[in-house]
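Next come the chains, spelled out residue by residue.
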Amino acid sequence: MKRLQPKNAFYAQSGGVTAVINASACGLLETARKYPNRIAKVYAGRHGIIGALTEDLIDTSRESRATISALRYTPGGAFGSARYKLAGIDKNRTQYERLIEVFRAHDISYFFYNGGNDSMDTAQKVSEIGRSWDTRSPASACRNRG
């Protein structure tokens, strides 16, 4: 049986930051570190999904266990946040092609987006495109949704 190589993850914060957003990041990062056979690294997007679009990623594996644990008590959004809403794929295909390009370049297969309603809209859109881009080129993945 062939053993699968661990993949990387993308995490970002979105919307108005609350007292618990960094605690959620702490929980996710600590949990990911417990499964190195599944998740190799977690990249945090600086300023939400904008970090993915601009390839401004923070390699959280470079942070110590103590630094990650301290997120639990750190106010504000440690990685920066944004109120940026992705347009529909039919309105801005270039954004989705860029996301696929960045995720492929960093071997990202997991997507975690922390925020409210607009954040869940973004997560849904990324999920839809993610289902269709498996082995295709970014442009064909965006044309052949679903």
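Residues numbered from 1 in each chain as written. Predicted model: local features only at pLDDT ≥ 70, side-chain atom pairs only at ≥ 80, totals over all residues. Heavy atoms only, no water.

(A) Local environment of the pairing of strand β1 (residues 7–13). With 6 of 7 residues buried, β1 is to be regarded as a mostly interior element. Summarising the sheet, β1 and strand β2 (residues 39–45) pair through 4 bridges and their orientation is parallel. Each bridged residue has a counterpart across the sheet, and for Lys7 the counterpart in β2 is Ile39. The β-α-β motif built from β1, the intervening helix α1 (residues 21–33) and the parallel element β2 has right-handed crossover chirality. Sheet topology note: the β1/strand β4 (residues 108–114) ladder contains 6 bridges and is parallel. (Buried < 20%, exposed > 50% of the residue type's maximum accessible area, 1.4 Å probe, protein only. Helix = DSSP H or I, 4+ residues; strand = E, 2+ residues; numbered from the N terminus. Pairing = 2+ DSSP bridges. Right-handed = clockwise from strand over helix to strand, strands pointing away.)

(B) Summary view of the sheet that holds strand β3 (residues 57–59). Read across the sheet, 4 strands follow the order β3-β2-β1-β4 without closing on themselves; strand pairing throughout is mixed. Whereas interior strands pair on both sides, the edge strands pair on one side only; in this sheet they are β3 and β4. Each neighbouring strand pair of the sheet contributes to a mean axis angle of 30°, computed without reference to strand direction. (Axes fitted to C-alpha atoms, helices over the stretch in contact; angles between N-to-C directions.)

(C) Broad picture of helix α4 (residues 93–105). Here α4 is 13 residues long and its end C-alpha atoms lie 18 Å apart, about the 18 Å a rise of 1.5 Å per residue gives. Asp107 occupies a position one or two residues after α4 and carries a positive phi of about 55°. (Expected span 1.5 Å × (residues − 1).)

(D) Geometry of the environment of Leu53. By secondary structure assignment, the location of Leu53 is in helix α2 (residues 49–53). Residues Leu53 and Glu101, spaced 48 residues apart in sequence, show a C-alpha to C-alpha distance of 9.2 Å. Apart from the residues lying within four places of it in its own chain, the contact partners of Leu53 are Tyr84, Leu86, Gln95, Arg98 and Leu99. (Contact = heavy atoms within 4.5 Å.)

(E) Up close: the nonpolar core. If you look at the biggest cluster of nonpolar residues, it comprises 18 residues, and the most contacted ones within it are Phe10, Ile49, Leu86, Leu99 and Phe103. Counting residues per element, the ones that place at least two in this core are β1, α2, α4, β4 and α5 (117–132). Here this core takes 5 residues from α4, the largest share from any one element. Every residue in contact with Leu86, bar those within four places of it in the chain, is listed here: Ile49, Leu53, Gln95, Tyr96, Leu99, Asp121, Thr122, Lys125 and Val126. Among the nonpolar cores identified, the runner-up in size contains 15 residues, and Cys26, Leu29, Val42 and Phe79 belong to it. (Core = buried A, V, L, I, M, F, W, Y, C linked by side-chain atoms within 4.5 Å.)

(F) Just the pattern of salt bridges, in detail. According to the stated counting rule, one finds 7 salt bridges in the structure shown. Across the pair Lys41 and Asp59 runs a salt bridge whose closest N-O atoms are separated by 3.3 Å. Of this pair, Lys41 sits in strand β2 while Asp59 sits in strand β3, placing them 18 residues apart in sequence. For Lys41, a relative accessible area of 30% corresponds to the partly exposed category. (Salt bridge = Lys/Arg side-chain N within 4 Å of Asp/Glu carboxyl O.)

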